[in-house]
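# Results of the structural survey
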2 protein chains.
Amino acid sequence: MARPQTDIEAGRQELLDIAEELVRKRGGVDLSMTELAAAAGMSPANLYRFFENKEALLEAAAGRWFAPKIAIMEEVIAAELPSREKMYQFFARRFVLMRDQFREDPDMFKSYLELGDQHFEVVKGYVDLGDHYLSEIVVQAMDEGYLPDLSIDDAVSLINQMVQVYCNPEALLYLDHKLSEEKLGLIVDTIFIGLGRDFEEQPGSREPHIKIVT
Amino acid sequence: MARPQTDIEAGRQELLDIAEELVRKRGGVDLSMTELAAAAGMSPANLYRFFENKEALLEAAAGRWFAPKIAIMEEVIAAELPSREKMYQFFARRFVLMRDQFREDPDMFKSYLELGDQHFEVVKGYVDLGDHYLSEIVVQAMDEGYLPDLSIDDAVSLINQMVQVYCNPEALLYLDHKLSEEKLGLIVDTIFIGLGRDFEEQPGSREPHIKIVT
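Residues numbered from 1 in each chain as written. Chains lettered and ligands numbered in written order. Predicted model: local features only at pLDDT ≥ 70, side-chain atom pairs only at ≥ 80, totals over all residues. Heavy atoms only, no water.

## Considering the interface of chain A and chain B
- With 43 residues of chain A in contact, the opposing surface of chain B contributes 44 residues.
- The contact between chain A and chain B buries some 3,900 Å² in all, and 61% of this surface belongs to carbon and sulfur atoms.
- Remark: the boundary between chain A and chain B carries 0 salt bridges.
- Only helix 8 (152-162), helix 9 (164-167), helix 10 (169-175) and helix 11 (181-194) of chain A provide two or more residues apiece to the side of chain A that touches chain B.
- No other element matches helix 11 of chain A, which puts 9 residues into the side of chain A that touches chain B.
- In terms of residue class, the side of chain A that touches chain B is built from 19 nonpolar, 12 polar and 12 charged. (Contact = heavy atoms within 4.5 Å. Buried area = accessible area lost by both parts, 1.4 Å probe. Salt bridge = Lys/Arg side-chain N within 4 Å of Asp/Glu carboxyl O. Helix = DSSP H or I, 4+ residues; strand = E, 2+ residues; numbered from the N terminus. Nonpolar A, V, L, I, M, F, W, Y, C, P; charged D, E, K, R; others polar.)

Dropping the structure here:
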């Protein structure tokens, strides 16, 4: 990482460290500028030199939280990989990162989730970016002959629904021990083999299966 | 419905009506026996004749909430249907019921979710029953040649993960407009076509797709 370019930027990073520590200690609900200023030993007026309002502070905190996830997405999108492998890594690498964060400090993780629930608008940009990159993988998959007979939007929506438990951080709170990279891999395989294909017309099975006559 | 067989049973049903009305009005968190007794115009001692403790009351309320969903599962399991249709109805009919309840009275729906979060042990029986019935459908599907090379437990777990957004009532709160019976049908088709099949060995596509040479 380059050194912060300005004193303001260095101050912002320090204040974000302090905000993170506050969230760790007391949870994320209703964190106020006054409280952060007190924890940083500065006047509220001084704090506003670094963040013009609470929204700007939250956006910067969200930016820091999402930065490594965005880096993963960009790296995967830029990689020379077949679409199936790309989609797997797109979901699996972020899932593993999220699970590590959760297991390292579950309370902190929950505090961030609460913050995200309270300020969904800052989360939404990240979700939309994920959809944008996923649609690029979908287009590549379609070029390679997968996901036939679906619009890009429908494919993105259906895939998001099928892998939801690996994207939604809330799912870790009650499903952690049932989630695994191996299962995610099987789900991505299932998507590539089956999604968009016509069930009735499918020869599919390696073993012949009973044909239902109506 | 048959008439309640005893006065105690009739009293229980009336008290459950009153409890439901209370939850509707003030939310489900920390509902107490004292509060219910007051709303019913009886002494707490009298209330305990009908429900021996709060746990018994919650179990009865959960029983009433889950009864129509259990009836759907039992009806679907008993039906003479191919496994794909059975699995679709198993999830779709309960999803539609849940969505109707949510749209009719979103606040009431949220109150019940809070109650369920606070008393997960009463919800767990219902979840386990769902897994039990799903495993029966999985066995039938395997007999019909689907879901090859998977254990029953793994198949149940993977299917639950892929249709999670149609089972988890929380998902309605933020995904309602993105969920539909049609998409659920496409997901079930995808499961039947693809789950458990080997991605590498799959001829699959109706259109030939680019083979990746490594």
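## Brief notes about helix 4 (residues 54-78) of chain A
All names here are of chain A.
- If you check helix 4, its first and last C-alpha atoms are 35 Å apart, about what 25 residues at 1.5 Å a residue would give, namely 36 Å.
- The sharpest bend along helix 4 reaches about 45° and sits at phenylalanine 66, with the proline proline 68 one to four residues further on.
- Within helix 4 the residues assigned to the buried category are Leu57, Leu58, Ala60, Ala61, Ala62, Phe66, Lys69, Ile72, Met73, Val76 and Ile77.
- Looking at the buried residues of helix 4, the elements they touch are helix 1 (7-26), helix 2 (33-39), helix 5 (83-104), helix 6 (106-118) and helix 7 (120-143).
- One side-chain oxygen at the N-terminal end of helix 4 lies 3.2 Å from the backbone nitrogen of glutamate 55; it belongs to asparagine 53. (Expected span 1.5 Å × (residues − 1). Bend = angle between axes of the 7 residues up to and from the residue. Buried < 20%, exposed > 50% of the residue type's maximum accessible area, 1.4 Å probe, protein only. Polar contact = N/O pair within 3.5 Å; in protein donor to acceptor, adjacent residues only side chain to side chain.)

## Examining the confidence of the model for chain A
Residue and element names in this part refer to chain A.
- Looking at chain A as a whole, the pLDDT averages 89, with 92% of positions reaching at least 70.
- In this model residues 204-211 is a low-confidence stretch, pLDDT under 50, and it forms 19 contacts with partners more than four residues away in sequence or in other chains.
- Quick note on the complex model: pTM equals 0.88, ipTM equals 0.87. (pLDDT = per-residue confidence, 0-100.)

## Some points on helix 7 of chain A
- The first and last C-alpha atoms of helix 7 of chain A sit 34 Å apart over 24 residues, in line with the 34 Å expected at 1.5 Å per residue.
- Looking at the buried positions of helix 7 of chain A, the neighbouring elements they touch are helix 4, helix 5, helix 6, helix 8 and helix 11 of chain A.

## So, the packing of helix 4 (residues 54-78) of chain B against helix 5 (residues 83-104) of chain B
All names here are of chain B.
- Interaxial distance between helix 4 and helix 5 falls to 9 Å at its minimum, and their mutual angle equals 160°. One element, helix 4, and the other, helix 5, form an angle in the roughly antiparallel class. Pair helix 4 / helix 5 crosses with right-handed handedness. Taking contact as the criterion, the partners of Trp65, Pro68, Lys69, Ile72, Met73, Glu75, Val76 and Ile77 in helix 4 are, on helix 5, Lys86, Gln89, Phe90, Arg93, Arg94, Leu97 and Gln101.
- Residues belonging to the contact of helix 4 with helix 5 are distributed by class as follows: 8 nonpolar, 2 polar and 5 charged. (Axes fitted to C-alpha atoms, helices over the stretch in contact; angles between N-to-C directions. Parallel < 35°, antiparallel > 145°, perpendicular 65-115°, else oblique. Left-handed = near helix turned anticlockwise from the far one by under 90°.)

## Brief notes about the relation of the copies chain A and chain B
- In the superposition of chain A on chain B (RMSD 0.0 Å, axial shift 0.0 Å), the rotation amounts to 180°. The operation mapping one copy onto its partner corresponds to a two-fold rotation axis.
- Both copies present the same face, since 100% of the interface residues in chain A are matched by interface residues at the equivalent positions in chain B. (Least-squares fit on C-alpha atoms with pLDDT ≥ 70 in both.)

## Details of the pattern of salt bridges
Residue and element names in this part refer to chain A.
- Using the criterion set out here, one finds 24 salt bridges over all chains in the structure.
- Ionic pairing is found between glutamate 9 and arginine 12, a salt bridge with its closest N-O pair at 3.6 Å. Residue glutamate 9 and its partner arginine 12 are located together in helix 1, separated by 3 residues, close to a single helical turn.
- On the accessibility criterion, glutamate 9 (27% relative accessible area) is partly exposed.

## Some words on the UniProt feature "domain: HTH tetR-type" (unreviewed entry) in chain A
- Under the feature "domain: HTH tetR-type" (unreviewed entry), the UniProt entry names residues 9-69 of chain A.
- Helix makes up 79% of residues 9-69 of chain A and strand makes up 0%, while its end C-alpha atoms are separated by 22 Å. (UniProt positions renumbered as here; feature names shortened; annotations may be inferred.)

## A short note on the UniProt feature "DNA-binding region" (unreviewed entry) in chain A
- Taking the UniProt record as the reference, the feature "DNA-binding region" (unreviewed entry) is found at residues 32-51 of chain A.
- This span, residues 32-51 of chain A, is 70% helix and 0% strand, and a straight line between its end C-alpha atoms measures 12 Å.

## Description of the domain arrangement of chain A
Residues and elements named next belong to chain A.
- Domain boundaries in chain A define domain 1 (1-52) and domain 2 (55-194).
- Placing the centre of domain 1 and that of domain 2 at their C-alpha centroids yields a distance of 29 Å.
- Contact with domain 1, which involves 15 residues of that partner, is made by 12 residues of domain 2.
- Carbon and sulfur atoms supply 63% of the area buried between domain 1 and domain 2, which totals about 1,300 Å² over both sides.
- For the interface between domain 1 and domain 2, the tally reads 3 salt bridges.
- When the shortest N-O distance is used, the salt bridge between aspartate 105 and arginine 24 registers 2.9 Å. (Domains from an automatic or database assignment.)

## Focus: the nonpolar core
- Residues A:Leu147, A:Ile159, A:Ile191, B:Phe51, B:Leu147, B:Ile159 and B:Ile191 are the most contacted members of the largest nonpolar core, which totals 114 residues.
- Among the elements that take part in this core, helix 4 of chain B stands out by supplying 11 residues, more than any other.
- Once you skip the residues sitting within four places of it in the chain, A:Ile159 turns out to touch A:Met87, A:Phe91, A:Leu134, A:Val138, A:Leu147, A:Ile191 and A:Leu195. (Core = buried A, V, L, I, M, F, W, Y, C linked by side-chain atoms within 4.5 Å.)

## So, a negative patch on the surface
- Taken together, the side chains of A:Glu114, A:Asp117, A:Glu170, B:Glu114, B:Asp117 and B:Glu170 make up a negatively charged region of the molecular surface.
- When contributions to the negative patch are tallied by element, the ones reaching two or more residues are helix 6 of chain A together with helix 6 (106-118) of chain B.
- Mapped onto the fold, A:Glu114 is located in helix 6.
- Exposure remark for A:Glu114: the relative accessible area of 35% places this residue in the partly exposed category. (Patch = residues over 30% accessible without salt bridge, like charges linked within 9 Å, V, L, I, M, F, W, Y side chains within 5 Å. Areas by Shrake-Rupley, 256 points an atom, 1.4 Å probe, with all protein chains shown as cover. Lys, Arg positive; Asp, Glu negative; His and termini not counted. Charge placed at Lys NZ, Arg CZ, Asp CG, Glu CD.)

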